[in-house]
Amino acid sequence: NINQLNQHAPAKTSKEATLVFAGFSSRITVRHGFPYQPTALAFDPVQKILAIGSRSGGVRILGRPGVDCFCQHESGAAVLHLQFLINEGALVTACADDTLHLWNLRQRRPAVLHSLKFNRERITFCHLPFQSKWLYVGTERGNTHIVNIESFILSGYVIMWNKAIELSTKTHPGPVVHLSDSPKDEGKLLIGFEAGTIVQWDLRAKKADFRIYYDEAIHSVSWHHEGKQFMCSHSDGSLTLWNPRNTTKPFQVTFPHGKIQKDGRKESCKPILKVEYKTSRSSEPFIIFSGGLSYDKAGRRPALTIMHGKAITVLEMGYPIVEFMVLCETPYNNEVQEPYTVVVLLEKDLIVVDLTQSSFPVFENPYPMDIHESPVTCTAYFADCPPDIIPILYSIGAKHKKTGYSHKEWPVGGGTWTLGSHTYPEIIITGHADGSIKFWDASAFTLQMLYKLKTSKVFEKPKAGEGRSAEMVEEDPFAVQMVSWCPQSRIFCVVGISAHIILYRFSKYDANTQIVSLEVRLQCESEDVITPSENENYPCFSEQGSHSPQPHHQHPVSPGSRTPEGAKDRGPCLKVKERVVRVPPGYQSDLVIQLLWVDGEPPQQITILHDGLSLHLLVIILCMSTVDLYGATDPYQRLTRSPRRNRQSTSGSTHKHLWELTSHTCTHTQSKMPNTHTLCINSRFLKGPGRKLSLPTDLKTDLESRENSFSRSRSSSVSSIDRDTKEAITTLQFGESYGRKSDVLPTPCLWVGTSLGMVLLIPLSIPTDHEERMEEAVTVGPSGAVQMLKGSILRFAFLDCMGALIQSPYEVWRDLNAPEDPDRPRRRKLVHFSPSSSQDANGDGHLAVVCSERQAKVFLMPSQACLFVHNITESSFVLRADVVSVCNSVCLACFCANGHVMTLSLPSLRPLMDVNYLPLTDMRIARTFCFTNGGQALYLSSPTEIQRITYSQEMCDNLQEMLGELFTPIETPEAQNRGFLKGFFGGNAHAFDREELFGEAAAGKASRSLAQHIPGQGGVEGMKMAAGGAVGELARARIALDERGQRLGELEERTALMMTSAESFSKHAHELMLKCKDKKWYQF
């Protein structure tokens, strides 16, 4: 009982946590990366913001750096079309479930205002004319419907497919693939059908002006700005140019990539999926299209073709083209377009091309769109980092940036963003399948790459299909499995998939160095009966007389040689570079540790890494038997058995994903590594023979489908013998603690957690003197301290008696490659985070927080009394647990397999928050989810995107301030003066009133069964917040005044133009009267 435990707790430990339930609230903050599986693209030429739709129903809206917003449709249906209400702060989306949504972008968190669900027809195309409130919607049946954007109600005006085509036509024209109003007359709508039919429909007369029947299927149509011609792209790779006045045949047919063969035939080409026909005052028109390449060239990459006059430029892309848009200077379709940029949306990238330069350079993308450049295999999140670490990493990483980009300003520069007051340095680290590691600046809800480290440069390049790495890993032998980083000491550890560990130290200077390597050989006893030896109680290291470098091939064996008893030992999976190499500034390899092949079997993957680099220790693998690990307090009756026989007998059991502790001996070859010792902890992975390693975060679909269920057997019916033998080490933690109850002062200890919920405390005997440390080994011995929890142990943390978190000590960073200063001694300086020296001197002890998959406990050290206990979950299990700082206090944050995010106060373990955040999880989220200080967390939401969330109420309250504004009040650019004669004789295009045609008074109501209007619920709160603020009111008033002033200005200009015309007409009429008044009738 917790209350009873509180009564027996010391006064200093009974302090209640300062956190309260109201201080926690879970909310999505921002999403980084490239939208996974993109489907649609749109651009607002006035606001200059870009929208990208995805197959999972997400919409990313991008502006200037810092303006990045993610919206998600509740249905999860794929986004097929996007249409901005230009300069109105709204966006229309059409989804695969045949629903239209209107999003309000005038708030920092966009929300759906209206939805319209089509019941009987499928949406295939949408078009919204500039400064119009009527949206044209084409359907799969070939019909065209019209939707009022303001009310989101369907108009009674419908263009039926059988009315659009001739009655004599016997075949259906196919779905609508294009809709656009004529630049010459807004009352004329051009409708393109997939089968090759094009109809220009007179909206006023409700009849077709002309019909075009072409043999090839149509994919897209683009107007010339004067409205005198339009261009079509077809499925045979051709472009046709049509004159609306003569539609019997196209007056120009071109095959841009179809060469004439020797027999006179043209090469067959792929379809041209989209074409844009844009004019320019200073040069020839631009014709830009995707596709159309010839079929004969196998393996040709997707390309975008730019035809400018007689010049044809083919831009090859790394991925298939999903969509592209040409950005122009004017939003009016009847003016000279003046294209300046092409935005190309690929399957896995976003390319922006500068059209103003003849070489067509690309812009440097300011968004973090290359997170997935190589598949992400692990993540780490660090908040409240030292303020100097980000500028240093950026200055070093900037030296390796690519060149050749366009020097012009990034064209997508809409929205506003300011650095909020609640910001602090944050860094995200991502490990990748190609062995690269990226450091990202994640401060203030942004993401910018600082520095890239390639771990593969430590090794020789493996030959394809040869060598030991080919037998270990089918691909990606350098893949990063986990990372450990200390921002203060700038020491960085990397664990690779090929059973290797690399220790990096940071330096601002380049250096010539020889990589130090350490090869560890894990040898199983060959006897069937395990007999623990006396030497295994305190395993230490055979120094072999001195610290001089030893040859790496201490066990020289040919990789292919075998003995009758079994396979001999082999070398490591990868070969470390033996020559002196020049390393640039940044992180430089200090030590490489590799596991060797033993008995013809590859080394096992390293699943746990904890560095006690302040003590110059690095825990990798343990070579102590279970009996020796527990000492005299072993809670189980153990039976000795052969490790090899055990693997074979249990390879098909439900526990084959756990780790097994057996008694092993450890021998290794050690190179010169001053002040560094390695404690070996061995664990065998239970699987059948001939196993190959695979990436820990393999993103293949078939693997995900098998792992999404998170089925983990926790059956209690397993026999005690099997349970005991399958015990696994699941977590490790260095710290200064009390190894025994009788200890008065804390000493270095290693806390070990197992899969059976056992907690073991192992004291470490470390020479304190620098000279002794060079000569004497570190000794290890079990203390007999054992505690038990439910489920596998996940996390350790230490608090002082006042409930404050005790940080791990770290070594102050110093640059080993810096020029020596004789006035400054090069001594190792260690920083401790003890609560107070008086407490340590008096031996008041500290609190140990232990969290397992199902339970959390707080122990008082050195008495080892359990003060608080809390059962976190019974129906699920915890995937990730961290002790983090929130609101000037500490709490235990947990993420469960059922999607719940929980927080518990420390040390009292009171529940503070329990939110069902992720109703459906997968292995990717489980492997990449991590908490950090400040009430933040992140996970990999897709193979290309990082999702950040917050569970702090303070962060949620300040979220509006930290996010960027998508909409900014901007005056709509004025249309060009068409001149008096053009305006007088060129048609009455601007006088076209759609309300008279499409309104309820003229067209009536649409059938209720055709579409269902759904009012938006998500945007109510956001609208209230926006409407309640004085800034929002002023902005709306300013916009209304600007629009009213603009209308008054246009009216005044029209009045002045009419007066001038009237005066000119009166003058000419008077002159004509004077000239003709004396003439007779027969003189005319």
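Everything that follows concerns the structure shown earlier in this document.
Residues numbered from 1 in each chain as written. Predicted model: local features only at pLDDT ≥ 70, side-chain atom pairs only at ≥ 80, totals over all residues. Heavy atoms only, no water.

Focus on the pairing of strand β34 (residues 491-496)
- Buried residues dominate β34, accounting for six of its six residues.
- Residues Ile-491, Cys-493 and Val-495 point to one face of β34 and Phe-492, Val-494 and Gly-496 to the other, with burial holding for every one of them.
- The pairing of strand β33 (residues 480-486) with β34 spans six bridges and is classified as antiparallel. Along β34, the bridge assignment pairs Ser-484 with Cys-493.
- Here β33 hands over to β34 after four residues, with Arg-490 in that stretch at a positive phi of 60°.
- Sheet topology note: the β34/strand β35 (residues 500-507) ladder contains six bridges and is antiparallel. Across the sheet, Cys-493 pairs through a bridge with Leu-503, a residue of β35.
- Between the antiparallel neighbours β34 and β35 lie three residues, among them Ala-499 with a positive phi of about 55°. (Buried < 20%, exposed > 50% of the residue type's maximum accessible area, 1.4 Å probe, protein only. Helix = DSSP H or I, 4+ residues; strand = E, 2+ residues; numbered from the N terminus. Pairing = 2+ DSSP bridges.)

Quick word on the sheet that holds strand β61 (residues 889-896)
- Read across the open sheet, the four strands follow the order β60-β61-β62-β63; overall the sheet is antiparallel. The strands lining the two open edges of the sheet, one partner per strand, are β60 (878-886) and β63 (911-916). Looking at each pair of strands side by side, their axes are set apart by 15° on average, direction ignored.
- In the sheet, strand β62 (residues 900-905) pairs with β63 via five bridges, with the strands oriented antiparallel. By the bridge assignment, Thr-903 is partnered in β63 with Met-913. (Axes fitted to C-alpha atoms, helices over the stretch in contact; angles between N-to-C directions.)

Observations concerning a negative patch on the surface
- Among the surface-exposed residues, Asp-769, Glu-771, Glu-772, Glu-775 and Glu-776 lie close enough to one another that they form a single negatively charged patch.
- Relative to the elements of secondary structure, Glu-775 occurs in helix α9 (residues 770-775).
- Relative accessible area serves as the criterion here: at 65%, Glu-775 is assigned to the exposed category. (Patch = residues over 30% accessible without salt bridge, like charges linked within 9 Å, V, L, I, M, F, W, Y side chains within 5 Å. Areas by Shrake-Rupley, 256 points an atom, 1.4 Å probe, with all protein chains shown as cover. Salt bridge = Lys/Arg side-chain N within 4 Å of Asp/Glu carboxyl O. Lys, Arg positive; Asp, Glu negative; His and termini not counted. Charge placed at Lys NZ, Arg CZ, Asp CG, Glu CD.)

Here's the deal with the nonpolar core
- In this structure, Ile-429, Phe-439, Phe-492 and Tyr-587 are the most contacted members of the largest nonpolar core, which totals 35 residues.
- Sequence-distant contacts of Ile-429, defined by excluding residues within four places in its chain, comprise Cys-378, Thr-379, Ala-380, Phe-382, Ile-437, Lys-438, Phe-439, Val-483, Trp-485 and Phe-492. (Core = buried A, V, L, I, M, F, W, Y, C linked by side-chain atoms within 4.5 Å. Contact = heavy atoms within 4.5 Å.)

Re the environment of Thr-430
- Its place among the elements puts Thr-430 in strand β30 (residues 426-432).
- By relative accessible area, which is 0% here, Thr-430 ends up buried.
- For the pair Thr-430 and Trp-440, spaced ten residues apart in sequence, the C-alpha to C-alpha distance is 8.1 Å.
- If near-sequence neighbours (up to four positions away) are discounted, Thr-430 is found in contact with Val-376, Cys-378, Thr-379, Ser-436, Ile-437, Lys-438, Trp-440 and Ile-946.
- A polar atom in the side chain of Thr-430 sits 2.9 Å from the side chain of His-432.
- Within polar-contact distance, the side chain of Thr-430 engages the side chain of Trp-440 at 3.0 Å. (Polar contact = N/O pair within 3.5 Å; in protein donor to acceptor, adjacent residues only side chain to side chain.)

Topic: the packing of aromatic side chains
- Counted under the stated rule, the structure contains 26 aromatic pairs.
- Pairing Tyr-136 with Phe-998 gives two aromatic rings, centres 6.2 Å apart and planes at 90°, and the pair type is edge-to-face. Linking Tyr-136 in strand β11 (residues 134-139) with Phe-998 in helix α15 (residues 994-998), this pair joins segments that are 862 residues apart in sequence.
- By relative accessible area, which is 0% here, Tyr-136 ends up buried.
- Accessibility expressed as a relative area gives 1% for Phe-998, which makes it buried.
- Every member of this aromatic cluster is reached through a ring pair, and the members are Phe-382, Phe-439, Tyr-451, Trp-485, Phe-492, Tyr-504, Phe-506, Tyr-587 and Trp-813.
- Sitting over the ring of Phe-70, Arg-31 keeps its end group 3.9 Å from the ring centre. (Phe/Tyr/Trp six-rings, centres within 6.5 Å; stacked < 30°, edge-to-face > 60°. Lys NZ or Arg CZ within 6 Å of the ring centre and 35° of its normal.)

Structural notes on unusual backbone geometry
- Cis geometry is adopted by the peptide bond preceding Pro-862, which originates at Met-861 and carries an omega value of 10°.
- Following Leu-906, the chain continues into Pro-907 via a peptide bond in cis, with omega recorded as 5°.
- Mapped onto the secondary structure, Pro-907 falls in the loop between β62 and β63.
- At Gln-37, a position not held by glycine, the phi torsion is positive, near 55°.
- Inspection of the secondary structure assignment puts Gln-37 in the loop between β1 (27-33) and β2 (38-44).
- For Ala-499, which is not glycine, the phi torsion reads 55° and is therefore positive.
- Secondary-structure assignment places Ala-499 in the loop between β34 and β35.

With respect to the environment of Cys-894
- With respect to the secondary-structure elements, Cys-894 resides in strand β61.
- Taking relative accessible area as the criterion, Cys-894 reaches 0% and is therefore assigned buried.
- Separated by 16 residues in the primary sequence, Cys-894 and Val-878 have C-alpha atoms spaced 6.5 Å apart.

With respect to the side chain of Ser-755
- Positionally, Ser-755 belongs in the loop between β50 (747-754) and β51 (758-765).
- You can call Ser-755 buried: its relative accessible area is 10%.
- Here Ser-755 is in contact with Lys-726, Glu-727, Ala-728, Thr-730, Gly-791 and Ser-792, once residues within four sequence places are set aside.

Overview of the side chain of Gln-594
- Take Gln-594: it is sitting in strand β42 (residues 586-597).
- A polar atom in the side chain of Gln-594 sits 2.6 Å from the backbone oxygen of Leu-574.
- Gln-594 has contacts with Phe-459, Ala-499, His-500, Leu-518, Glu-519, Val-520, Pro-572, Leu-574 and Val-576, leaving out every residue within four places of it along the chain.

The values are spatial; any link to function lies outside them.
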